[in-house]
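The primary structure of each chain is shown beneath.
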Amino acid sequence: MMTSAIMKRELVFYVNGVEVREPQPQPETTLIYYLRNSLGLTGTKLGCGEGGCGACTVMISRYNNKLKKVVHFTAVSCLLPLCYVHQCHVTTVEGVGSVRNGLHPVQERLAKYHGSQCGFCTPGIIMSMYTLLRNKSTPSMDDIESAMQGNLCRCTGYRPILEAYHTFTPEGANKCPMGADCCKVKKIPLVADDKLQLYKKADGNKETQDVIFPAALVLAASSPAELVKFQGNRSTWYIPSNLDDLLLIKKEFPSCKIITGNTEVGVEVKFKGFEYPVLVNPVNVTELNAVKITSSGIQFGANITLTQLNEILTSAIDSYEESKCRSFKAFREMLHWFAGSQVRNMSSVGGNIMTASPISDLNPLFLATKSRVEIIDSTTKQIRTVNMDGKFYPAYRKTILTPTEILLSVNIPCTKNDEFFMGFKQSKRKEDDIAIVNAGIWVSMDRSQNVVRDIRLAYGGMAPTTVMATKTMETLKGKIWNEALIQTACSTLAEDLPLSMDAPGAMVAFRQTLTTSLFFKFFLHVSESLYLKQNGFIKLPDAGTSSSETKDHTNEYLTPPHTQFNPSALQTYEEVDSNQNKWDVVGRPVMHLSGEEHTTGEAIYFNDMPKVYNELYLALVTSSKAHARIISVDASKALALEGVHSYLDHKDIPGNNKVQTVVDRDEEVFAVNEVFSVGQVIGAIVAEDEPIARRAAKLVIIKYEDLPAILTIEEAIANNSFMGPVNNLERGDFDNDFATSEHRLEGSYRVGGQEHFYLETHGALSVPKPEKNEMEIFSSCQAPETAQRLAAEALGIDFNRVVARVKRLGGGFGGKETRMHMATTTTAVAAHVTGRPVRYSMDREEDMSMTGGRHSFLFKYKVGFNSNGTVNALQLEIFSNGGNSLDLSGAVCTFACYNADSSFNIKSLRVHGKVCKTNLPSNTAFRGFGLPQTLCAIGNIMTDIAAFVNKLDVDIIGMNMYHTGDLTHFGQELTDADNLRRCWSECITKSRYREKLEEVTKFNTENIWKKKGISVVPVKYSICFEVPHANQGGALVHIYKDGSVLITHGGVEMGQGLHTKMVQIASKALKCDPNRVFLSETSSNLVPNASPTAASMSSDLYGAAVKNACEKLAESLTPIIKDNPNDSWNSWILKAYMSRIHLSATGFYRLPVTDNMDEFKFSYFTYGAACSMVEIDCLTGDHRVLGSDIVMDLGRSLNPAIDIGQIEGAFTQGMGLYTLEQLRVSPTGYNYSRGPGVYKIPGFSDIPGYFNVHLLQGSRNPNAVYSSKAVGEPPLFLGSSVFFAIKNAIRAYRCDDKPNMIKTSGKPDQLFVLNSPATAERIRMLCSDDFATQFKDKYDKHSVKSWVIEP
């Protein structure tokens, strides 16, 4: 056969200008695995493994012989096969710039603008921007936004990144993006003077920093293409030189996969276990890469990428007359929302068609335009042309192509003057998200009579395939284009596109509502285009009922096509005193200590550590059942796999298999007889490398006996399934005050859970020592002491034999405080048993399915209030879903109860709190620790009271807000509540709330299908660990003979700038140059018994401990300095050493709180307020945040740059919690939210249009180091200002009188329940009209179990 004659070829490519030759490439090996494990280039990070976060972004460069130029594009290396880069050049972040040799401007500006926090996502962001600049030296903000669509950041809130890169645009070059609001104009520096920054100033751009494309690759690309074959152990990769080669390969291997960028196949292989023995990349097949432009349309070769498709369509739109390119415009607009830029660069038109996804964004457009495809048979070489219509996709993931056929091309036709076409997509997140429902709608009109000549409607997300609404299409033909057509379409669409209650994807009523809402949008668009309204042919009444004047509302029917992206921002803070010593950097906006290293990829995280000699890799074997008895475990097939060392389970634990993460010893390292959630650890495979270990883990066979499972809060309540203490707090006489109130309301609210989605997953490397059972653990955890303790207990050894070390984390947010034991303890046991180092790093899928997250809460309330809005009495029952073990759930519930007053002085307040025990992974700490859920419930109550008494939210909130001297419901006096009111009033003033409220009211009067909302919320956040013993911190400070200072403390750097602040504190206390102070890592053998880095307490505890140690040293140095006042720091230190003065000191701080929990009081409170304005699309549920203003009381900020970054990041994370991030669990306990494909966090385009942060000036806090206040968690709740603005916008729509065609009978109740998150589904279904109620009423009557449940 022809393939046997092909010689094996070595893979040749270049990385950062250096040639790489791989003699035995494995086709299943991804580029990122090779870069990190074979080349040691660890700057490229693995964040998700499915191309959804952008952390692994690299630049691929290839010489295009046709264009005679080098083409650069970004790609996600976690999906890209190594074999793909044959004869390519790969640039990683290491090839852009380095701290030693100089930073590239793209790195330097991001660092200077404080654009990194944890830094794990930063290399990917750098590569996206770097590639953009290689292609376009002066990009627009739209270019930047498009380039960043495939990148996520969980820490920063995106603002500083965009602000840094705005400087590359023509508008931002050589000037501040703030214009008249520039900090320099206002004398408020955003960035400290270079001399005061803790970094060496980098050189500017150097010509030599951009690697020259290798001449050898130009020569190879210019030479005739050859057929290439890479034979791996488990699969084969072909690169055919021409179409004949491709046909021969297809003929011999009919089931082969033809791939371009592997964006779909890579996900199938990794997450679905698919195997493809033969893979073919047609990069050199001319026919599949050709483009033919004619007067009737454009023909695209099947291998044309989506980026190329977009570029060609854009060029065509500029050259065709408007009426001919309506289809091109629709495709181009849809491409903007299609995945991220990296995926568009890699994905092909043909791949999108052949994947046959039922939620493909492009396939509805292909079907609606009746695009034509050319298909060639590999056996006969016959070509046939087929129209893409309702028959093209006969079944799920199937096309009409036979196994021997290949897709050659697709032809997108032009439109005619009387033809109109649009594409629609509704998803959870605007960008880089799969569709919930999408559609392509085309109509041909008889303009003379306004009659439908022909119409085609294609929908995705409504069936196992992309479908056409055939009955509707037939029914509407010949119909007059008027209001009656809407009613007809709604009725027939419901018949065409039915969904069962248990349909995969759920959201059935919403999806069916979208089918009619999207058609209505199209109806309005065509009506506008035909001038039917202006001619009086269609009557669309005014939004108001009192005016007979008809206004034109058809322009605002649609979420506008992609518009100019130009966010703005302003940050203000209190300047330090002009007399402050220049070396005293406390209060100055000092850059993050690792800021430069973040941008160059030189910052080392746990899994960047080089392999240790003789290292093994561990893969966990986990439960597939929510609750079951383990009948048997058979690891024989796994153990038979070459390279597998052993299988471990509970029988291999030398010490205690029971785990006590916090209070109860209610978990197991390895399950013994019973599993209590999907993802619970049963055993572990230990093998020579990661691929072998993971393959073997899937071969372990476990037999179960199913047991009843409890998954939801409601099920737990019904079964009395609770754990931990019951919380009860009460003041006043609730029963009397509730009964005597003028008005009373009762109800319930839900606040959903949240996934931490730190970019760096859990992981650990455990290294056994040859003596005394010692163990060294390197990990990515927030609490090294906990990792040390749990490993020691499992090993049956003293704590002092285990050293737990942490360099830095790629984000934590509470998720790495206790749940690390699944990595640290299991690897420690494996290392002990094997006597060899053992490494394990969780996949994103594993992390999200095993480690829990933020608790979902159910609140039941009773509230009594007067007609003026004064709240007299509130009873709040709190139920949290704790999962299968207590962990920190008891503390979270207690904290929620202590903060049930929110910011309000309520005369009588009764709070009960219970933790529900369910068969889900154990939930744990998350930024805010129960307060964000509780305050959201209180906010809902307040807004309902406002609606009930017909007053503004802000008036009700302001009326009930605390004053200084008031007592909380647990008896603590508020000594500085004036700062709460100052934040509130300044926020209203700085946001121009009253003025914007008028703008909102005017907009809502003039618009039907869109509504705006505005809201202001306050926050009062309690600062302190609830358990008194945790309120302590230790530090160790050394001064060396050369004058350099080394700090160690018990806190962990995870992006919050803790180490940077500790250096600032130390330099101030020692009165030395901050550049002489260094902080390396956190280690349990240097500072013992350290409290977790949590509760926003680390700067307070460890800052005070560092200050304490430094003050001891400063006191020791005082005689030397007094005797030698004119000497330098280095001279003083050397003299001190020669005088035998001890130059090392421990520091300790004990927070002055009582140990008696009955008299417990918090250390202090952090206050803030935020105002947000939103706009919602009432027909789809989409929303956008027009802007947000924040005022925070942080006392005297230790570092305004870092603190403002924390505020923005927390706000954005809170915005995600309340509007976007929704956990989806199956009725059997399987977590669907296992990666960025399903679970969506906010992206670049989701941030507020204007994003202003102001630190309250003149505030001082005597209870923390240098008068500062905690910042990490308090701002998160302020993201709810977006939620409540959405609620107000929904209320505005519900208050409206609708046009007759969508009028809802009866005025909807204004006291509606909007549960959190305010997803597009919830927004749309609460915007009551006939489109929504047609399906909502239908499905509300059904009791069939849904495909998804809300835990």
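For the structure itself, look to the data block above.
All figures in this text were calculated on a predicted structure; none of them were measured in a lab. Here the residue numbering is sequential within each chain, running from 1 through the sequence in written order. Owing to the predicted nature of the model, reporting of local features is limited to residues with pLDDT of at least 70; listing and counting of side-chain atom pairs is limited to 80 or more, with chain, interface and lining totals taken over all residues. By convention in this description, side-chain values take in all heavy atoms of the structure and omit both hydrogens and water.

(A) How the structure looks around the overall build of the protein chain. Strands here mean DSSP runs of E at least two residues long; helices mean DSSP runs of H or I at least four residues long; both are numbered from the N terminus. What the protein chain contains, in helices and strands, is 36 helices and 45 strands. For the protein chain, whose C-alpha radius of gyration is 31 Å, the value lies close to the compact-globule estimate of 34 Å for 1351 residues. Taken over the C-alpha atoms alone, the protein chain extends approximately 95 × 85 × 70 Å along its principal axes. Should any heavy atoms of two residues lie within 4.5 Å, those residues are considered in contact. The contacts in the protein chain between residues at least 6 apart in sequence include a share of 78% that link residues at least 24 apart. Under the convention used here, a 1.4 Å probe and the Shrake-Rupley method define accessible areas, while residue burial counts only the protein chains that appear. Approximately 47000 Å² of the protein chain is accessible, and the part contributed by carbon and sulfur atoms is 50%. Each charge class in the protein chain can be summarised by its mean position, and for the 139 positive and 144 negative side chains these summaries are 2 Å apart. Our radius of gyration is a C-alpha quantity, and the globule rule it is checked against amounts to 2.2 Å times the number of residues to the power 0.38. In this tally Asp and Glu are treated as negative and Lys and Arg as positive; neither His nor the chain ends contributes. Charged side chains are reduced to one point each, which is NZ for Lys, CZ for Arg, CG for Asp and CD for Glu.

(B) View of the sheet that holds strand S44 (residues 1183-1193). An order of S19-S45-S44-S43-S37 is seen for the five strands of this open sheet, with the pairing classed as mixed. A single partner strand is all that each edge strand has here, and the edge strands are strand S19 (568-572) and strand S37 (1010-1023). Each neighbouring strand pair of the sheet contributes to a mean axis angle of 10°, computed without reference to strand direction. Taken together, the five bridges between S19 and strand S45 (residues 1250-1255) define a ladder with parallel strand orientation. Two strands pair if DSSP finds at least two bridges between them. The axes are straight lines fitted to the C-alpha atoms, using for helices just the contacting stretch, and the angles between their N-to-C directions are given from 0 to 180°.

(C) Summary view of the sheet that holds strand S27 (residues 701-706). Within the open sheet, the three strands sit side by side as S25-S21-S27. Their pairing is antiparallel. Every interior strand has two partners, whereas the edge strands, strand S25 (674-675) and S27, have only one. Sheet topology places strand S21 (residues 628-634) next to S27; six bridges connect them, and they run antiparallel. In the strand pairing of S27, Ser632 is matched with Lys703.

(D) Here's a closer look at the environment of Asp418. In this structure, Asp418 sits in the loop between strand S14 (405-413) and strand S15 (419-427). With a relative accessible area of 19%, Asp418 lands in the buried category. Between the C-alpha atoms of Asp418 and Ser323, which are 95 residues apart in sequence, the distance is 8.0 Å. Those residues in contact with Asp418 that lie beyond four places of it in its chain are Val443, Ser444, Met445, Arg447 and Arg453. Definition of a polar contact: a pair of N or O atoms within 3.5 Å, with one able to donate and the other able to accept a hydrogen when the atoms are protein atoms, and with sequence-neighbouring residues admitted only if both atoms are side-chain atoms. A distance of 2.6 Å separates the side chain of Asp418 from the side chain of Arg453, its partner in a polar contact. Exposure classes here rest on a 1.4 Å probe applied to the protein chains alone. A residue is buried below 20% of its type maximum, exposed above 50%, and partly exposed in between.

(E) Representation of helix H5 (residues 159-166) within the structure. With respect to burial, H5 is a largely interior element, eight of its eight residues being buried. Buried residues of H5: Arg159, Pro160, Ile161, Leu162, Glu163, Ala164, Tyr165 and His166, and no others. In this structure, the buried residues of H5 make contact with helix H2 (105-112), helix H3 (122-135), helix H4 (141-147), S19, helix H33 (1200-1219) and S45.

(F) Broad picture of the environment of Ala697. As for its position among the elements, Ala697 is in helix H19 (residues 690-697). Sequence separation between Ala697 and Ala1285 is 588 residues, and the spatial gap between their C-alpha atoms is 48 Å. Setting aside residues up to four positions removed in sequence, Ala697 forms contacts with Ala619, Leu620, Val621 and Ile685.

(G) Here's a closer look at the nonpolar core. For this analysis, a nonpolar core means a set of buried residues of the types Ala, Val, Leu, Ile, Met, Phe, Trp, Tyr and Cys, connected via side-chain atoms within 4.5 Å. Counting residues in hydrophobic clusters, the biggest one holds 117 residues, and the most contacted among them are Val863, Ile941, Ile1176, Ile1190, Ile1286 and Ile1290. What Val863 contacts, discounting residues up to four positions off in sequence, is Phe738, His743, Arg744, Leu745, Val871, Ala873, Leu874, Ile941 and Ile945. Residues Leu243, Leu362, Leu493 and Leu518 belong to the second largest nonpolar core, which totals 105 residues.

(H) Broad picture of H19. All of the buried residues in H19 are Ile692, Ala693, Arg694, Ala696 and Ala697. Where H19 is buried, its residues touch strand S20 (616-622), helix H18 (636-639), strand S22 (644-648), strand S26 (681-687), strand S33 (838-841) and helix H24 (844-850).

(I) Representation of the packing of aromatic side chains within the structure. The pairing test for Phe, Tyr and Trp rings, Trp by its six-membered ring, is centres within 6.5 Å, and the orientation test on the planes gives stacked under 30 degrees, edge-to-face over 60, and tilted for anything in between. Within the structure shown, the criterion is met by 38 aromatic pairs. Between Phe120 and Tyr605, the aromatic rings sit 5.1 Å apart at their centres with planes inclined by 85°, giving edge-to-face as the arrangement. Taken as a pair, Phe120 in the loop between H2 and H3 and Tyr605 in the loop between helix H17 (595-600) and S20 lie far apart in primary sequence, 485 residues in all. Summarising the burial analysis for this pair, Phe120 and Tyr605 share the class buried. Taken together, Phe895, Tyr898, Phe929, Phe970, Tyr1021, Phe1160, Phe1162, Phe1165 and Tyr1167 form an aromatic cluster joined through their ring pairs. Note on geometry: a ring has a charge over it if NZ (lysine) or CZ (arginine) is within 6 Å of the ring centre and within 35 degrees of the ring normal. The lysine or arginine in question, Arg456, covers the ring of Trp442, its NZ or CZ lying 3.7 Å from the ring centre. Here the guanidinium or amino end of Lys914 rests over the ring plane of Phe722, the centre of that ring lying 4.6 Å away.

(J) Structural view of the pattern of salt bridges. What makes a salt bridge here is a side-chain nitrogen of Lys or Arg within 4 Å of a carboxyl oxygen of Asp or Glu, nothing more. In the structure shown here, the tally under the stated rule is 67 salt bridges. For Asp143, the salt bridge identified is with Lys136, shortest N-O distance 2.7 Å. Among the salt bridges present, the one from Lys1287 reaches Asp944, with a minimum N-O distance of 3.1 Å. Taken together, the residues span a long stretch of sequence, with Lys1287 in helix H34 (residues 1280-1295) and Asp944 in helix H26 (residues 931-948) at a distance of 343 residues. In this pair, the class of Lys1287 matches that of Asp944, namely buried.

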